[in-house]
Amino acid sequence: MAIRTVGVVGCGLMGSGIAEVCARAGYATIVREVDEAVLARGLERIDQSMGTAVARGRLSAEDRDAARARLSGVTDLADLGGCDLVVEAVTENVEAKQAVFKALDGVCRPETILASNTSSIPIVDLASVTGRPDRAIGMHFMNPVPVMRLIELVRAITTSDETLAAARAFGEGLGKRVIVSKDRAGFIVNMLLVPYLMEAIRMFEAGFATREDIDLGMMLGTNHPMGPLTLLDYVGLDTAYFIANILFDEFKESKYAPPPLLKQMVTAGFLGRKSGRGFYDYGRGEQPPRG
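Bear in mind that the values here come from a model prediction, so they are computed numbers and not experimental data.

1. Observations concerning the nonpolar core
Right, so step 1: Leu-80, Val-86, Leu-104, Ile-201, Leu-232 and Phe-279 are the most contacted members of the largest nonpolar core, which totals 43 residues.
Right, so step 2: Breaking this core down by element, the ones donating at least two residues are helix 4 (94-107), helix 5 (124-127), helix 7 (189-205), helix 9 (228-235), helix 10 (237-251) and helix 11 (260-267).
Right, so step 3: Per element, the largest residue contribution to this core is seven residues, and it comes from helix 10.
Right, so step 4: Among residues more than four places away in sequence, those in contact with Leu-104 are Val-9, Leu-77, Leu-80, Val-86, Leu-114 and Arg-132.
Right, so step 5: Residues Ile-18, Tyr-27, Ala-166 and Val-178 belong to the second largest nonpolar core, which totals 37 residues.

2. Here's the deal with helix 7
Right, so step 1: In a regular helix each residue adds 1.5 Å, so 17 residues correspond to 24 Å; helix 7 covers 24 Å between its end C-alpha atoms and thus fits that length.
Right, so step 2: All of the buried residues in helix 7 are Asn-190, Met-191, Val-194, Pro-195, Leu-197, Met-198, Ala-200 and Ile-201.
Right, so step 3: The secondary structure elements touched by the buried residues of helix 7 are strand 6 (136-141), helix 8 (211-222), helix 9, helix 10 and helix 11.

3. Focus on the packing of aromatic side chains
Aromatic rings in a pair are described by how distant their centres are and how their planes are angled relative to each other.
Right, so step 1: This structure, assessed with the given rule, holds five aromatic pairs.
Right, so step 2: Relative to Phe-242, the ring of Tyr-241 lies with its centre 6.4 Å away and its plane at 50°, an arrangement referred to as tilted.
Right, so step 3: Given the relative accessible area of 17%, Tyr-241 is considered buried.
Right, so step 4: Between Phe-251 and Tyr-256, the ring centres sit 5.7 Å apart and the planes meet at 40°, which makes this aromatic pair tilted.
Right, so step 5: A relative accessible area of 2% places Tyr-256 in the buried class.
Right, so step 6: The ring centre of Phe-270 lies 4.0 Å from the NZ or CZ of Arg-277, which sits over that ring.

4. Focus: unusual backbone geometry
Right, so step 1: Omega for the bond connecting Asn-143 with Pro-144 falls within 30 degrees of zero, at 0°, which places this linkage in the cis form.
Right, so step 2: Even without being a glycine, Phe-187 presents a positive backbone phi close to 60°.
Right, so step 3: Position of Phe-187 among the secondary structure elements: in the loop between strand 8 (177-182) and helix 7.
Right, so step 4: One non-glycine residue, Lys-252, lies in positive phi territory at about 55°.
Right, so step 5: As for its position among the elements, Lys-252 is in the loop between helix 10 and helix 11.

5. A few points about the pairing of strand 8
Right, so step 1: Of the pairings in the sheet, the one linking strand 7 (residues 150-155) to strand 8 comprises six bridges and is parallel in character. Looking across to strand 8, one finds that Ile-151 is bridged to Val-178.
Right, so step 2: In this view, the connection linking strand 7 to its parallel neighbour strand 8 by way of helix 6 (residues 161-173) has right-handed handedness.

6. What about the side chain of Arg-32?
Right, so step 1: Within the fold, Arg-32 resides in strand 2 (residues 28-32).
Right, so step 2: Of the side chains with opposite charge, Glu-33 comes closest to the buried, unpaired Arg-32, at an N-O distance of 5.9 Å.
Right, so step 3: Here Arg-32 is in contact with Val-8, Val-9, Gly-10, Cys-11, Val-74, Thr-75, Asp-76, Leu-77 and Leu-80, once residues within four sequence places are set aside.

7. Observations regarding the pairing of strand 5 (residues 113-116)
Right, so step 1: Covered by surrounding structure in strand 5 are Ile-113 and Ala-115 together with Leu-114 and Ser-116, the residues of both alternating faces.
Right, so step 2: Strand direction decides the pairing type here: strand 4 (residues 85-88) and strand 5, joined by four bridges, are parallel. The residue bridging Glu-88 from the neighbouring strand is Ser-116, located in strand 5.
Right, so step 3: Read as a crossover between parallel neighbours, the route from strand 4 over helix 4 to strand 5 is right-handed.
Right, so step 4: The sheet contact formed by strand 5 and strand 6 spans three bridges and is parallel. Of the residues in strand 6, the one forming a bridge with Leu-114 is Ala-136.

8. A closer look at the sheet that holds strand 5
Right, so step 1: In spatial order, the strands read 3-2-1-4-5-6-7-8; together these eight strands make up an open sheet with mixed pairing. Single-partner strands in this sheet number two, and they are strand 3 (71-74) and strand 8. On average, adjacent strands in this sheet sit at an angle of 25° to one another, irrespective of strand direction.
Right, so step 2: In the packing of helix 2 (residues 36-55) onto the sheet, the strands contacted are strand 2 and strand 3, and the crossing angle to strand 3 comes to about 160°.

Quick notes on the rules
- Residues numbered from 1 in each chain as written.
- Predicted model: local features only at pLDDT ≥ 70, side-chain atom pairs only at ≥ 80, totals over all residues.
- Heavy atoms only, no water.
- Core = buried A, V, L, I, M, F, W, Y, C linked by side-chain atoms within 4.5 Å.
- Buried < 20%, exposed > 50% of the residue type's maximum accessible area, 1.4 Å probe, protein only.
- Helix = DSSP H or I, 4+ residues; strand = E, 2+ residues; numbered from the N terminus.
- Contact = heavy atoms within 4.5 Å.
- Expected span 1.5 Å × (residues − 1).
- Phe/Tyr/Trp six-rings, centres within 6.5 Å; stacked < 30°, edge-to-face > 60°.
- Lys NZ or Arg CZ within 6 Å of the ring centre and 35° of its normal.
- Pairing = 2+ DSSP bridges.
- Right-handed = clockwise from strand over helix to strand, strands pointing away.
- Lys, Arg positive; Asp, Glu negative; His and termini not counted.
- Salt bridge = Lys/Arg side-chain N within 4 Å of Asp/Glu carboxyl O.
- Axes fitted to C-alpha atoms, helices over the stretch in contact; angles between N-to-C directions.

Have a look at this one:
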């Protein structure tokens, strides 16, 4: 199951990062977006990211140029038909991801592995809409993908040993550390992270402490690189809200339930850094505390 050509569906924050690390690792990489304008923004994000890596001495200009030459963008899903592995990185919504998996199943070769970058949705829910459930797997990259060293593989009840082995070898080939989770909503990382983030929101909502003190407490008291409210702004409050709802619907445990404040902020469009305002108002120059 040699992987030489990789497809990525979605060139947003996560998809662009996945495409970048694949191209930098030597894979021919094809990234697909819904139209040319969105695709251009995604490719520009990749160019900026690699430019920053060059400026900081983490990537040579020659390696950047070689990686960029291995990367191409398309708007037609059928152009991913020749890929050995396709990673889906669309919005965290089961219906949207199922639609992508079903479409990929119709255009990709029978031996192609279909992977999802989902951070919370059970993989069997995606595998079940394809004719290749043995070749479906979760491949959860961490944000920002070029920097974070972890890939969380999620093995569905249908995933074959061969698919898992190929996915592990691929992840390690990207220079990542690989962990493997059973197929349960939230997997390893978010099963532990989401209750922590939701409790931080409840603490702030109740007026127990300021946002700065909550963040500094976890940064300086537990050596976290950023506090929970800062992390929520970075991830996106809408994304955190979707994940929390998926976990609560699955397990019906209050620790996963999104607090009312989170729902209100998402409804108001306060989504974090990407909208300019979340727990901190970046448009007004507010910045989270630094350790």
